[in-house]
Amino acid sequence: MTHAEDFDPTLHCYADGEMTQDEMRAFEARMEANPALAARVAEVMALNEALNMAVPSPQATYFAKMMPADMSPDIRPRSTWPLRAVAAVALLGIGLGLGYWGGLARSAGQGGVSEGQLLASASAAHMLYTAEVLHPVDVSGDERDHLKTWLTKRLGAEVRIPTLTQEGFSLVGGRLLPAPHGAAAQFMYETEAGQRVTLYLTPTAQMAVSSLKFNAHDGLIAVSWQDPHWHYVLVGAASRSEMEHLAKRVHGDAI
């Protein structure tokens, strides 16, 4: 099938990381308003990735030979794809309903969005941004009031940012994310030792309350629950008891 977006040169510039920051922001605004365009970008980037894996570039081969195997991932050469481009693929619902998390098909809202999709979106965002060193958030935790006002306006309901300092986690900051049914917020917290957890929340039209639910996969534990206004997913690579303790604190702060 032919895609009209195939002939849009900006699509390939975005996928190849050849845009300025302003151009990227403008293009991402188009994707938010056009799911078909976002899906096409995901297809192009997935194809690029498959080709890169099948036929490594000379530069990649060179660095693979030159870099020690035990070198920290933080100082290895990164992909030429912009981080926000990878986020567009991971977080715009392209395939997030599939696989392990997608198999959790319990209903979780309107528009056919399952709890599995929410878990997948929250977990994808966690893995993507907790690995980032320089730009893990859009708005720093030092601008807490601005972050709250901005996300409240964008999500259409009052956002409360939990405090986890007594649990040893300081607020790194937050960001606005695309979600399977609209928009979501992500807050990131970090200990002095560098352990990170993220809280994903997205509005719900269901006036319902649910208890904490635990799901574990690939070393991550996702704790999800719902109140009359929000779906929450707390994600981290911690023990179940620690995640339960953090989730209960977040739940109490959110009420």
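The preceding data block contains the structure.
What you see is a predicted model, and the numbers here were worked out from it, not measured in a lab. Within each chain, residues carry numbers counting from 1 in the order of the written sequence. With pLDDT at 70 or above as the cut-off, local features in this predicted model cover only qualifying residues; side-chain atom pairs require 80 or more to be listed or tallied, and sums for whole chains, interfaces and linings still use all residues. Calculation of side-chain values draws on the structure's entire complement of heavy atoms; hydrogens and water are dropped beforehand.

Novice: I'd like a description of the overall build of the chain, backed by residues and values.
Specialist: A run of H or I in DSSP counts as a helix once it spans at least four residues, and a run of E counts as a strand once it spans at least two, with each numbered from the N terminus. Across its full length, the chain holds 9 helices and 7 strands. Remark: exposure states derive from per-residue accessible area (1.4 Å probe, protein chains only) relative to the maximum for the residue type, with buried under 20%, exposed over 50%, and partly exposed in between. Buried residues in the chain amount to 40% of all 255 residues. Any two residues having at least one pair of non-hydrogen atoms within 4.5 Å are treated as being in contact. In the chain, once contacts between residues fewer than 6 apart in sequence are set aside, the share between residues at least 24 apart is 56%. Under the convention used here, a 1.4 Å probe and the Shrake-Rupley method define accessible areas, while residue burial counts only the protein chains that appear. Roughly 13400 Å² of accessible area belongs to the chain as shown, and the carbon and sulfur atoms make up 57% of that amount.

Novice: With reference to specific residues and values, describe the sheet that holds strand β4 (residues 196-203).
Specialist: Strand pairing requires that DSSP identify at least two bridges connecting the strands. Strand order in this open sheet of 7 strands is β1-β2-β3-β4-β7-β6-β5, and the pairing throughout is antiparallel. Sheet topology places β1 (139-140) and β5 (210-217) at the edges, where each strand pairs with a single neighbour. The pairing of strand β3 (residues 182-190) with β4 spans 6 bridges and is antiparallel. Paired with Phe187 across the two strands is Leu199, which belongs to β4. Angular values range over 0 to 180 degrees, each being the angle between N-to-C directions of two axes fitted as lines to C-alpha atoms, with helices fitted over their stretch in contact. Contacting β2 (170-179), β3, β4, β5, β6 (220-226) and β7 (230-236), helix α7 (residues 115-130) crosses the sheet at an angle of about 140 degrees to β4. The strands touched by helix α8 (residues 144-155) are β1, β2, β3, β4 and β7; relative to β2, the strand with the most contacts, the crossing angle is about 20 degrees.

Novice: Before we move on, could you go through the packing of aromatic side chains and cite the residues and values that matter?
Specialist: Two rings from Phe, Tyr or Trp (for Trp, the six-membered ring) form a pair when their centres are within 6.5 Å of each other. A pair whose planes differ by under 30 degrees is stacked, one over 60 is edge-to-face, and the rest are tilted. By the definition in use, this model includes 1 aromatic pair. Distance and angle both matter: a charge sits over a ring if NZ of Lys or CZ of Arg is within 6 Å of the ring centre and within 35 degrees of the ring normal. In this structure, Arg175 packs its charged tip against the face of Tyr129, placed 3.6 Å from the ring centre. Lying across the ring of Phe214, Arg240 places its NZ or CZ 3.9 Å from the centre.

Novice: I'd love a proper account of the pattern of salt bridges, names of residues and values included.
Specialist: By definition, a salt bridge exists where a carboxyl oxygen of Asp or Glu is found within 4 Å of a side-chain nitrogen of Lys or Arg. Within the structure shown, the criterion is met by 6 salt bridges. Asp138 serves as the salt-bridge partner of Arg175, at 3.1 Å between the closest nitrogen and oxygen. Here the residue Arg175 occupies a position in strand β2, and Asp138 occupies one in the loop between α7 and β1, the gap between them amounting to 37 residues. Overall, the relative accessible area of 5% leaves Arg175 in the buried class. For Asp138, a relative accessible area of 38% corresponds to the partly exposed category.

Just distances and angles here, no functional claims.
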